[in-house]
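# Structure assessment
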Amino acid sequence: MLVQESIGTAVDAIKANKLRSILTTLAIIIGTAAVIAMVAMGSSAQQALNDSITDLGARTIYVYPSSSRQGATNTSKVPLDIKDAIALSKDGEIPWQIAPEIRGSKQVKFKSENASLQIVGSTPDFFSIRGYELDSGKTFTENDSLARKRVVVLGSKVANELKTSSRALLNNEILINNISFKVIGTIKEEGAGWGPNPDEQIYTPLYTASDRIFGRETIGSINVNFPVEYSTEEVMIAIERILRREHDIGPGEINNFSIRDWGQALDLQRQATSIFFALIIGIASISLLVGGIGVMNIMLVSVTERTREIGLRKALGATQNTILLQFIIEAITLCLIGGFIGVILGTSIYFLIAFLQEWPIVFPLTAIIGSVTFSAMVGLFFGIWPARRAAKLDPAISLRYE
Amino acid sequence: MSIIKTENLVRHFAVGTQTVEALRGVSLDIDRGEFVAIMGPSGSGKSTLMNIIGCLDSPTSGTYHLNNKNVSTLDDDALALIRNHEIGFVFQNFHLLARNTALDNVMLPLKYAGIDKSEQEEIAMEVIKSVDLESRAHHQPSELSGGQQQRVAIARALVNKPSILFADEPTGNLDSKTGDDVMNLFTNLHKQGQTIIVITHEIEVANQAERIISIKDGKIFEDQKVLK
Ligand SMILES: Nc1ncnc2c1ncn2[C@@H]1O[C@H](COP(=O)(O)OP(=O)(O)OP(=O)(O)O)[C@@H](O)[C@H]1O
Ligand SMILES: [Mg+2]
């Protein structure tokens, strides 16, 4: 009952000094808003990462070229080759799907519109490995590749880049490096995740890409998709065995390629983001502490200003604890008001950014509860000293105070 | 039977390196139901005396029995309890909470007494009626005249049915007409058996009481009945 009364008194006192109260809680507002926006963005990023793993299935391993530093002479990057991919395909030990990627940025033209876009050459399996779904038309086949057919499948936003619609492009010709290609299909919107945005790429058969567009046999990476019955280690060992043979690597020499699975990459990414967010939250906590000191300062001022009020309350029978409670509640209320404004601000900032960046939206409930609780605790902690001062005031002297 | 009994009350204040002797041995007996006026020049120690017998302050030495109970040695919270239950204060400058309505101001002692919320308003309203301010119950102090504000303060002082009503210069900030109204209110309360102690500078005010105690330099200098 006294608590309720004290909240009422606190709100009245804060209302009576609106500007001062807002200025006091500014640091708390900023701290809370920062914590919430950052934590929420962190969960969004995490969500995007997780979505991208589930999209891919956890069963894809990537092979990349890496430089071999064997001896002083050979420090150049040893490329991966289409032949490496063929060697992997031919090996029958594990029933895996192999999709080499040959990629590069090229000038693409449709009518008078020009854009520089990523071209990806790969096998038909590429789409199922990546989990890309066809939106219209069809995908290319093994035969299209062997015949070096000039056909392409477009990411969902390619049409945008060329200032037209996917529908207008389907079954039409576009120019890549001034060579015309027929658009035979488009894929559904995948959303940006980890790595280049699949919606802004153009997909073409492997040999078409190597012979007609890039004029090289070297490839950027090989996607290896394997059934869940096999462990990641098992598959990695098999890949290593085949590629060491292909690359003529003798016993004791180190690999000139690297094999990675998504788990590793994601762990690294997670670690980097968590360090970043820990830093931001550290700064936000300092801001909350500064806010707490501001609140303490203003509460001390308030106690001095209201000395006569305190004297009167004591004359009417308020005990030390009653006064203590009143001022602590006032400090907590002040911090909570700052906390709530911060919650609204932080959530709005987050929603805005998530919306603009097309991130998956995660409602930051834990962050909200956490930071509101924390700001109440800041109020409690920094309110105790001023409140004790008020509680200990001598009633007779306080009533005389001018 | 005496409600207030003090023996040799002394109150010193340390001001810097000096000591101010505000009270220098006050022995006093006041009976239940008495209406007493305390007079004396400025700085003579009237307010200091009221603070001690009102349990707002403790004497440096001497004893004080309120209702036969020695209260001169009680701690802060015990005194707060006595103030809440036994004593009502009326001050020269009203001391109302500016952001609360008259009703809320009058309810405050009930809140500190831990009275049920449902009863608070009823009890407070009853007392507000008795000081003729029913129509102003929901106004804030700034919307009330000085006389009305002082009546709210009196209602607040009476709401816990105190044994003693203290008033320190209750008419000091009022014109003579409203001052008379306030004194009439006191006279009526006295007729109903309320013990009242009023500090005043004005002899006309003091003459409404039954007994006048004059103080000078922290000592009782004269104590006489008022002839009516
Ligand atoms: N808290 C205090 N600290 C120091 N000196 C005090 C304190 N309270 C009272 N005094 C001193 O004690 C003396 C008596 O003060 P008190 O307020 O009792 O006088 P008073 O009779 O009520 O005067 P007035 O008619 O002006 O109200 C004065 O000299 C005053 O300065
Ligand atoms: Mg005085």
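Residues numbered from 1 in each chain as written. Chains lettered and ligands numbered in written order. Predicted model: local features only at pLDDT ≥ 70, side-chain atom pairs only at ≥ 80, totals over all residues. Heavy atoms only, no water.

Taken together, 16 residues lie near ligand 1, and B:Ser42, B:Gly43, B:Lys46, B:Ser47 and B:Thr48 sit nearest. At the site occupied by ligand 1, nearby residues are drawn from chains A and B. Here B:Gly45 contributes a backbone N or O atom positioned 3.0 Å from an oxygen atom of ligand 1. B:Thr48 is positioned such that a nitrogen or oxygen atom in its side chain is 2.5 Å from an oxygen atom of ligand 1. In isolation ligand 1 has 630 Å² of accessible area, and contact with the protein removes 73% of it. A molecule is said to occupy a pocket when more than half its atoms come within 2 Å of that pocket's grid points, and by this definition ligand 1 occupies the second largest pocket. Of all the secondary-structure elements, those providing two or more residues to the shell around ligand 1 are α14 (395-400) of chain A together with β1 (2-15), β2 (18-31) and α1 (46-53) of chain B. Considered class by class, the residues forming the shell around ligand 1 number six nonpolar, seven polar and three charged. (Near = heavy atom within 4 Å. Polar contact = N/O pair within 3.5 Å; in protein donor to acceptor, adjacent residues only side chain to side chain. Areas by Shrake-Rupley, 256 points an atom, 1.4 Å probe, with all protein chains shown as cover. 1 Å grid on protein atoms, 1.4 Å probe; cavity = no way out; pocket = protein on both sides within 12 Å on 5 of 7 lines; lining within 4 Å. Sits in = over half its atoms within 2 Å of the grid points. Helix = DSSP H or I, 4+ residues; strand = E, 2+ residues; numbered from the N terminus. Nonpolar A, V, L, I, M, F, W, Y, C, P; charged D, E, K, R; others polar.)

Residue and element names in this part refer to chain B. The residue asparagine 8 is not glycine, and still its phi comes out positive at about 55 degrees. For histidine 95, which is not glycine, the phi torsion reads 55 degrees and is therefore positive. In this fold, histidine 95 is placed in the loop between β6 (87-90) and α3 (102-113).

Tallying the contact residues gives 24 residues for chain B and 25 residues for chain A. Summed over both partners, the interface of chain B with chain A comes to about 2,300 Å²; 59% of that surface belongs to carbon and sulfur atoms. Three residues stand out in chain B for area buried against chain A, namely B:His95, B:Arg99 and B:Tyr112, and they jointly supply 30% of the buried area on that side. Broken down by secondary-structure element, the contributors of at least two residues to the side of chain B that touches chain A are α2 (76-86), α3 and α4 (117-130) of chain B. For the side of chain B that touches chain A, the leading source of residues is α2(B), giving five residues. Looking at the side of chain B that touches chain A, its residues break down into nine nonpolar, seven polar and eight charged. (Contact = heavy atoms within 4.5 Å. Buried area = accessible area lost by both parts, 1.4 Å probe.)

Taken domain by domain, chain A holds domain 1 (2-52 + 266-399) and domain 2 (60-225). The gap between the C-alpha centroids of domain 1 of chain A and domain 2 of chain A is 53 Å. (Domains from an automatic or database assignment.)

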